[in-house]
Amino acid sequence: MNIFDTRTAFLIAGLLYFLMPLVVWMALRLQKTRSITQWCMGGELFGLGLLLISLRSQIPDWVSYDLAHLCLFAGNLVRVHALRLEIHGTRKPHAVVGLLAVLFGLYLAARATDPQQLHSYYVSLFTLALTFGWLGLLSRQLAQQSRLSSARWMGHLYLLLAVIICIRLLQVMLGQGSPGIMSNDPFSMAMPLGDMFTAVLGNTIYMGVYLERAVRRQI
């Protein structure tokens with residue numbers, strides 16, 4: 001295993017996703033808002049999913065495949081709910097649970113019906129692109145609503161990662177790339193590298209949203 005190995009990249013991304021939400025929570029713990037807590041919980045879940053993926057072939061498949069994807073999907077949807085709570089101020093946890101059940105059910109159905117696991121790979125990429133794109137659009141909505149430049153940059157970051165995942169999905173569907181999350185072609189490697197950047201920059205910019213608000217209040 002070397003630094004350019006996909007497994008190593010997922011391991012590093014998972015560790016960063018574990019670390020950065022803790023930094024956010026420690027820095028913003030005095031704010032005492034539900035959205036911050038949910039954002040950090042979502043990041044930890046997503047980081048756990050990345051770590052489980054990095055341990056494939058060393059742990060059972062139902063853990064490194066099924067449980068890992070459940071954590072990835074849930075992590076992004078919890079963060080989506082955190083941003084919606086920040087924008088609209090209303091809580092709808094039942095909607096998050098229902099959407100998670102639908103998306104994960106589609107993943108399990110695709111995994112059960114396709115012995116080569118190609119369809120489940122399509123579903124996982126589509127779901128990740130959808131949820132990261134949703135995070136990006138909500139960040140842009142927050143930026144427009146509160147006139148926060150930091151939220152606008154966060155939107156650009158997540159939308160870029162969603163585009164990268166979409167390109168990877170199209171590449172595999174058109175037969176121009178090898179399927180599988182552990183392949184070492186450029187766009188496959190771009191996904192864990194993108195996770196690293198979003199782990200650090202996404203959480204840092206999220207803290208910047210509250211810093212920008214605090215500066216405005218002082219002004």
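Right above here is the structure, for reference.
Residues numbered from 1 in each chain as written. Predicted model: local features only at pLDDT ≥ 70, side-chain atom pairs only at ≥ 80, totals over all residues. Heavy atoms only, no water.

**Q** Quick question: what am I supposed to make of the nonpolar core here?
**A** Note that soluble globular proteins tend to have their nonpolar side chains buried in a common cluster. Core analysis: the largest hydrophobic core is formed by 58 residues, its most contacted members being W39, F132, I165 and Y206. Secondary-structure elements contributing two or more residues to this core are α1 (6-28), α2 (34-54), α3 (61-88), α4 (93-113), α5 (118-146), α6 (149-173) and α7 (186-218). It is α5 that provides the largest number of residues to this core, a total of 11 residues. (Core = buried A, V, L, I, M, F, W, Y, C linked by side-chain atoms within 4.5 Å. Buried < 20%, exposed > 50% of the residue type's maximum accessible area, 1.4 Å probe, protein only. Helix = DSSP H or I, 4+ residues; strand = E, 2+ residues; numbered from the N terminus.)

**Q** Help me understand the packing of aromatic side chains, please; the structure alone is not making it clear to me.
**A** Aromatic ring pairs: the centre-centre distance and the angle between the two ring planes describe each pair. According to the stated counting rule, one finds eight aromatic pairs in the structure shown. On the numbers, 4.4 Å between centres and 0 degrees between planes, the contact of W39 with Y206 is stacked. Within this pair, whereas W39 is found in helix α2, its partner Y206 is found in helix α7, the two being separated by 167 residues in sequence. Given a relative accessible area of 4%, Y206 falls into the buried group. With a centroid separation of 6.0 Å and an interplanar angle of 15 degrees, the aromatic rings of F132 and Y158 are classed as stacked. Of this pair, F132 sits in helix α5 while Y158 sits in helix α6; the two residues are 26 residues apart in sequence, bridging distant segments of the chain. An aromatic cluster is defined as three or more aromatic residues linked by ring pairs; in this entry it consists of Y17, W39, F46, F132, Y158, Y206 and Y210. Over the ring of Y65 we find R56, and its NZ or CZ is 3.7 Å from the ring centre. Sitting over the face of the ring of F46, R79 holds its NZ or CZ atom 5.3 Å from the ring centroid. (Phe/Tyr/Trp six-rings, centres within 6.5 Å; stacked < 30°, edge-to-face > 60°. Lys NZ or Arg CZ within 6 Å of the ring centre and 35° of its normal.)

**Q** Got a minute to help me understand α4 in this structure?
**A** In an α-helix, one turn spans 3.6 residues; hence positions three or four apart end up facing the same way. Taking 1.5 Å of rise per residue, 21 residues should cover 30 Å, and α4 covers 30 Å from first to last C-alpha, within 8% of that figure. Listed in full, the buried residues belonging to α4 are V96, L100, L103, F104, Y107, A110 and R111. All buried residues of α4 project into a common sector of 115 degrees when viewed along the axis, lining one side. Exposed residues pointing more than 90 degrees away from the buried face of α4 are listed as H94, V97, A101, L106, A112 and T113. Summarising the contacts, the buried residues of α4 are in contact with α3 and α5. (Expected span 1.5 Å × (residues − 1). Arc of directions from axis to C-beta. Contact = heavy atoms within 4.5 Å.)

**Q** I would appreciate a short explanation of the environment of M196 in the present structure.
**A** With respect to the helices and strands, the residue M196 is situated in helix α7. Along the primary structure M196 and F10 are separated by 186 residues, whereas in three dimensions their C-alpha atoms are 8.4 Å apart.

**Q** Teacher, can you tell me more about the pattern of salt bridges here?
**A** Side-chain pairs of opposite charge can arise where the charged atoms are in close proximity. Summed over the entire model, instances satisfying the criterion amount to one salt bridge. Between R111 and D66 there is a salt bridge, and its shortest N-O distance comes to 2.7 Å. Taken as a pair, R111 in helix α4 and D66 in helix α3 lie far apart in primary sequence, 45 residues in all. (Salt bridge = Lys/Arg side-chain N within 4 Å of Asp/Glu carboxyl O.)

**Q** For this particular structure, what's the right way to read α5?
**A** Taking 1.5 Å per residue as the helical rise, α5 with its 29 residues ought to reach 42 Å, and the 42 Å between its terminal C-alpha atoms agrees with that figure. Note on α5: the residue one or two positions beyond its end, R147, has a positive phi of about 55 degrees.

**Q** Looking at this structure, I do not really get the packing of α4 against α5. What am I missing?
**A** Helix packing for two helices is described by the angle between their axes and how far apart those axes are. Remark: α4 packs on α5, axes separated minimally by 7 Å, with the N-to-C direction vectors making an angle of 160 degrees. Between α4 and α5, the angle falls in the class roughly antiparallel. Relative to α5, α4 is oriented so that their crossing is left-handed. Contacts between α4 and α5 involve L99, L103, L106, Y107, A110 and R111 from the former and H119, S120, V123, S124, T127 and W134 from the latter. When grouped by side-chain class, the residues that make up the contact of α4 with α5 number seven nonpolar, four polar and one charged. (Axes fitted to C-alpha atoms, helices over the stretch in contact; angles between N-to-C directions. Parallel < 35°, antiparallel > 145°, perpendicular 65-115°, else oblique. Left-handed = near helix turned anticlockwise from the far one by under 90°. Nonpolar A, V, L, I, M, F, W, Y, C, P; charged D, E, K, R; others polar.)

Geometric descriptors of this kind do not, in isolation, establish any biological role.
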